[in-house]
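# An overview of the molecular structure
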Amino acid sequence: MHENTAENSVILCRSCDLAIRKRALPTGVRALCPRCNTALYDTPYCSVNGMLALCITALVFYFPANFFPVLEIHFLGSIRTTTVFQGAFAVFDQGYWVVGIAVLAAAVVGPGLLILSILTQLLIVKWGLDSPLGRHSLKQLLKFQGLLSQLTMLEIYVISFLVSSFQLSDFSDIYFGMGTFCFTMLFLVTLFLQREYDIEHMWGLLMQERH
């Protein structure tokens, strides 16, 4: 189903209603209607090298975001810290297996797989499209891209950090740790990465190379 998406993607010119098959474009090129010269669509704003930089930046923040303390609670002389990874297993220990799996998938596993998937796709586009193995790998990664995007819900946990700090601030001192900063930056970088990533453009590059 996805294999034919980019190849058979058809758009209509908003000026003359001409049906035009959408193709992948080189960087900095704009598609124009052959009948009336109306601008149809542009290439993604961010280049492949730009998205590679975003992927590497996201990976830099990924590990400290999950394994450094996100909250430090001072209550009655005791200090407690927790990480996102520990939070997921704490839910497991309380017997909420479904919630624990959801936390682990959406905050830890999902974002990591999403970043690695996009990074691998970009590396294949730069250096591996001329090999059958590279094209096959890219095709498989693109098929699962939608699922990985749905699994990644970092914004929920950024909001939960803020809500928890407001609720606990009345009877304890709350301090944000390095993990909070890294997790927030991971969320922002991943947000920009997903914004610049265009799956139709990636499918188009694959089909263009094939033909």
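Residues numbered from 1 in each chain as written. Predicted model: local features only at pLDDT ≥ 70, side-chain atom pairs only at ≥ 80, totals over all residues. Heavy atoms only, no water.

One pass over the structure, following the stated rule, counts four aromatic pairs. Look at Phe92 and Trp97: their rings are 5.2 Å apart centre to centre, the planes differ by 55°, and that puts the pair in the tilted class. Owing to a relative accessible area of 12%, Phe92 belongs among the buried residues under this scheme. What makes Trp97 exposed here is its relative accessible area of 56%. Among the aromatic residues, those joined into a cluster by ring pairs are Phe89, Phe92 and Trp97. Geometry around Trp127 places Lys126 over its ring, the cationic atom sitting 5.1 Å from the centre. (Phe/Tyr/Trp six-rings, centres within 6.5 Å; stacked < 30°, edge-to-face > 60°. Buried < 20%, exposed > 50% of the residue type's maximum accessible area, 1.4 Å probe, protein only. Lys NZ or Arg CZ within 6 Å of the ring centre and 35° of its normal.)

Its identity as a non-glycine residue notwithstanding, Asp17 has a phi of 65°, on the positive side. Here Asp17 lies in the loop between β1 (10-12) and β2 (19-21). Its identity as a non-glycine residue notwithstanding, Asn37 has a phi of 65°, on the positive side. Within the element layout of this structure, Asn37 appears in the loop between β3 (30-32) and β4 (39-42). (Helix = DSSP H or I, 4+ residues; strand = E, 2+ residues; numbered from the N terminus.)

This paragraph deals with the pattern of salt bridges. On inspection of all chains with the given rule, the structure shows one salt bridge. Among the salt bridges present, the one from Glu196 reaches Arg195, with a minimum N-O distance of 2.5 Å. Under the relative-accessibility criterion, Glu196 is labelled buried at 9%. (Salt bridge = Lys/Arg side-chain N within 4 Å of Asp/Glu carboxyl O.)

Okay, the UniProt feature "transmembrane region" (unreviewed entry) in the protein chain next. UniProt tags residues 51-76, 96-125, 146-168 and 174-193 as "transmembrane region" (unreviewed entry). Between the C-alpha atoms that bound residues 96-125 the distance is 42 Å, and the span itself is 97% helix and 0% strand. In the segment residues 174-193, helix accounts for 80% and strand for 15%; the C-alpha atoms at its two ends are 31 Å apart. (UniProt positions renumbered as here; feature names shortened; annotations may be inferred.)

Between its first and last C-alpha atoms helix α4 (residues 132-143) spans 17 Å; for twelve residues at 1.5 Å apiece the expected length is 16 Å, and the two agree. Buried within α4 we find Gly134, Leu138, Lys139 and Leu142. One face of α4 carries all of its buried residues, which in axial projection span an arc of 135°. More than 90 degrees from the buried face of α4, the exposed residues found are Pro132 and Leu133. (Expected span 1.5 Å × (residues − 1). Arc of directions from axis to C-beta.)

Take the state of the cysteines next. Scanning the entire structure with this criterion turns up zero disulfides. The thiol of Cys13 is not disulfide-bonded; the next cysteine sulfur, from Cys36, is found 3.5 Å away. On the basis of relative accessible area, Cys13 is assigned to the buried category, the value being 1%. With no disulfide partner, Cys16 has as its closest neighbouring cysteine sulfur the one in Cys33, 3.5 Å distant. (Disulfide = S-S within 2.5 Å.)

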